[in-house]
Amino acid sequence: YRSAIMGFEIIWIMFYHAKDASGILYEFVKFGRGGVDIFFFISALGLCASFRKNSDFRSFYMRRIKRILPTWVSILVGMHLLNIVLQNDCPHTTGQAFLYYTGLGWWLSGLYDNGAFVYLEWYIPTLLLFYALFPFLYKIKLKYLLGVLIISIIVTFVFSFNGILSSLKLAHQRLPIFIFGILCYKVMPMIESSRETIIEIIFAGIGVSLFACGLLYLPYESIQELFMERIALLLSMPLLLHLLASFLEMTNFDKVI
């Protein structure tokens, strides 16, 4: 149900950006940014399955480039032309256009905290960086990969609670969830199904507790609270996806579509 779950997350993210909801629906919509975390996690699982079939680095990168860049560049061209018509901010020089179409504008903006570099959205540049790192992360032995995950969490924790690279928080706070996806792909087949459920429930319980602490004790939508929310999602991800998949199975979703 990977595609169906991604479709659900797309709707969730769209509602989040629309900000057009009230009552109980608003409580659901306001956390729609969590759909992005789910995307990174599922992307990691998909990359693992693909790389396991063909572990050639060059082939891996070429498949990713062919799948992402043509669509992304087409959208950027459309947005570029639309912004010219609407007289919004858009590239006006060769240098600005280069930053816009390569995705470097997002990274330079974050590193230098300079809005002059911003001429694109953040998600695809972040995804491309994670894709570039993926083969190396996948090749790391399991026990060391757990260490890499812990280090990435510590680094994002330090960055978040000290305001370091705050302009890049959308990217650096998502790296642990991506690494966790790779780790889960390797670990889950080794665990008995009964134990797997218990582990997922324990992790989700810890995650919900962290999420509640973030809501209660940290300023709303501060960098620190966002970090707590994303770590909570990381811990809850296996159980959350299993519940979604079980729901789709019970409703015969595959037959509906």
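About the criteria used
- Residues numbered from 1 in each chain as written.
- Predicted model: local features only at pLDDT ≥ 70, side-chain atom pairs only at ≥ 80, totals over all residues.
- Heavy atoms only, no water.
- Patch = residues over 30% accessible without salt bridge, like charges linked within 9 Å, V, L, I, M, F, W, Y side chains within 5 Å.
- Areas by Shrake-Rupley, 256 points an atom, 1.4 Å probe, with all protein chains shown as cover.
- Salt bridge = Lys/Arg side-chain N within 4 Å of Asp/Glu carboxyl O.
- Helix = DSSP H or I, 4+ residues; strand = E, 2+ residues; numbered from the N terminus.
- Buried < 20%, exposed > 50% of the residue type's maximum accessible area, 1.4 Å probe, protein only.
- Polar contact = N/O pair within 3.5 Å; in protein donor to acceptor, adjacent residues only side chain to side chain.
- Contact = heavy atoms within 4.5 Å.
- Arc of directions from axis to C-beta.
- Phe/Tyr/Trp six-rings, centres within 6.5 Å; stacked < 30°, edge-to-face > 60°.
- Core = buried A, V, L, I, M, F, W, Y, C linked by side-chain atoms within 4.5 Å.
- Axes fitted to C-alpha atoms, helices over the stretch in contact; angles between N-to-C directions.
- Parallel < 35°, antiparallel > 145°, perpendicular 65-115°, else oblique.
- Left-handed = near helix turned anticlockwise from the far one by under 90°.
- Nonpolar A, V, L, I, M, F, W, Y, C, P; charged D, E, K, R; others polar.
- Expected span 1.5 Å × (residues − 1).
- Disulfide = S-S within 2.5 Å.
- pLDDT = per-residue confidence, 0-100.

*Asks:* How would you summarise a nonpolar patch on the surface if you had to cite specific residues and measurements?
*Replies:* Together, L146, I150, I154, F157, V158, F161 and I164 make up a nonpolar patch on the protein surface, roughly 550 Å² of accessible area in all. Its location among the elements puts I154 in helix 8 (residues 142–162). Exposure remark for I154: the relative accessible area of 47% places this residue in the partly exposed category.

*Asks:* So what's going on with the side chain of R33? Residues and values would help.
*Replies:* Along the chain, R33 falls in the loop between helix 2 (23–29) and helix 3 (34–53). A distance of 2.7 Å separates a polar atom in the side chain of R33 from a polar atom in the side chain of E229. Setting aside anything within four residues of it in sequence, one finds R33 in contact with Y16, R174, E221, L226, E229 and R230.

*Asks:* Describe helix 6 (residues 104–112), naming the residues involved and giving the relevant values.
*Replies:* Residues of helix 6 that are buried include every one of G105, W106, S109 and G110, and no others. The buried residues of helix 6 occupy one face: seen down the axis, they fall within an arc of 130 degrees. Away from its buried face by more than 90 degrees, helix 6 exposes L111 and Y112. With its phi angle positive at about 50 degrees, D113 sits one or two positions after the end of helix 6.

*Asks:* Residues and numbers for the side chain of H80, please.
*Replies:* The topology assignment puts H80 in helix 4 (residues 57–86). Within the local environment of H80, its side chain forms a polar contact with the side chain of Y101, the two groups lying 2.9 Å apart. When neighbours within four sequence positions are excluded, H80 is seen to be in contact with C90, P91, Y100 and Y101.

*Asks:* I'd like a description of the packing of aromatic side chains, backed by residues and values.
*Replies:* Counted according to the given criterion, the structure contains 24 aromatic pairs. With centroids separated by 5.9 Å and ring planes inclined at 85 degrees, the aromatic side chains of F161 and F227 adopt a geometry described as edge-to-face. With F161 in helix 8 and F227 in helix 12 (residues 223–250), this pair connects stretches of sequence that are 66 residues apart. Residue classification places F227 among the buried residues on the basis of a relative accessible area of 5%.

*Asks:* Describe the nonpolar core, with residues and values.
*Replies:* Counting 52 residues, the largest nonpolar core has F40, Y123, F134, F178, I182 and L241 as its most contacted members. Sorting the residues of this core by element identifies helix 1 (2–18), helix 3, helix 4, helix 7 (123–139), helix 8, helix 10 (175–187) and helix 12 as the ones contributing at least two each.

*Asks:* Talk me through the packing of helix 10 against helix 12; I want residue IDs and the actual numbers.
*Replies:* Between helix 10 and helix 12, the shortest axis-to-axis distance is 10 Å and the interhelical angle comes to 30 degrees. Taken as axis vectors, helix 10 and helix 12 run roughly parallel relative to one another. In this structure, helix 10 meets helix 12 at a crossing whose hand is right-handed. Side by side, helix 10 and helix 12 meet where P176, I177, F180 and C184 of the first sit next to L233, L234, M237 and P238 of the second. Taken together, the residues of the contact of helix 10 with helix 12 sort by class into eight nonpolar, no polar and no charged.

*Asks:* Give me the lowdown on helix 8, citing residues and values where you can.
*Replies:* Along its 21 residues, helix 8 runs 30 Å from first to last C-alpha, staying within 8% of the 30 Å computed at 1.5 Å per residue. Among the residues of helix 8, L145, L149, S152, T156 and S160 are the ones counted as buried. What you see down the axis of helix 8 is that its buried residues fit within an arc of 65 degrees, all on one side. For helix 8, exposure combined with an orientation more than 90 degrees from the buried face picks out K143, I151 and N162. Next to the buried residues of helix 8 lie helix 7, helix 9 (169–172), helix 10 and helix 12.

*Asks:* Which residues make up the state of the cysteines, and what are the values?
*Replies:* Inspection of every chain in the model, using the stated rule, returns zero disulfides. Free cysteine C48: the closest other cysteine sulfur is in C184, separated by 9.7 Å. Relative accessible area serves as the criterion here: at 0%, C48 is assigned to the buried category.

*Asks:* Run through the confidence of the model for the chain, naming residues and quoting values.
*Replies:* Across the chain, the average pLDDT comes to 89, with 94% of residues at 70 or higher. Ranking the helices and strands of the chain by mean pLDDT puts helix 10 first, with 96, and helix 13 (residues 253–256) last, with 62.

*Asks:* An account of the packing of helix 4 against helix 5 (residues 94–102) is requested, with residue identities and associated values reported.
*Replies:* Where helix 4 meets helix 5, the axes come as close as 10 Å, and the angle between the chain directions of the two elements is 135 degrees. By the angle between their axes, helix 4 is oblique relative to helix 5. Between helix 4 and helix 5, the contacting residues are W72, V73, L76, V77, M79 and H80 on the first element and Y100, Y101 and T102 on the second. Broken down by class, the residue content of the contact of helix 4 with helix 5 amounts to seven nonpolar, two polar and no charged.

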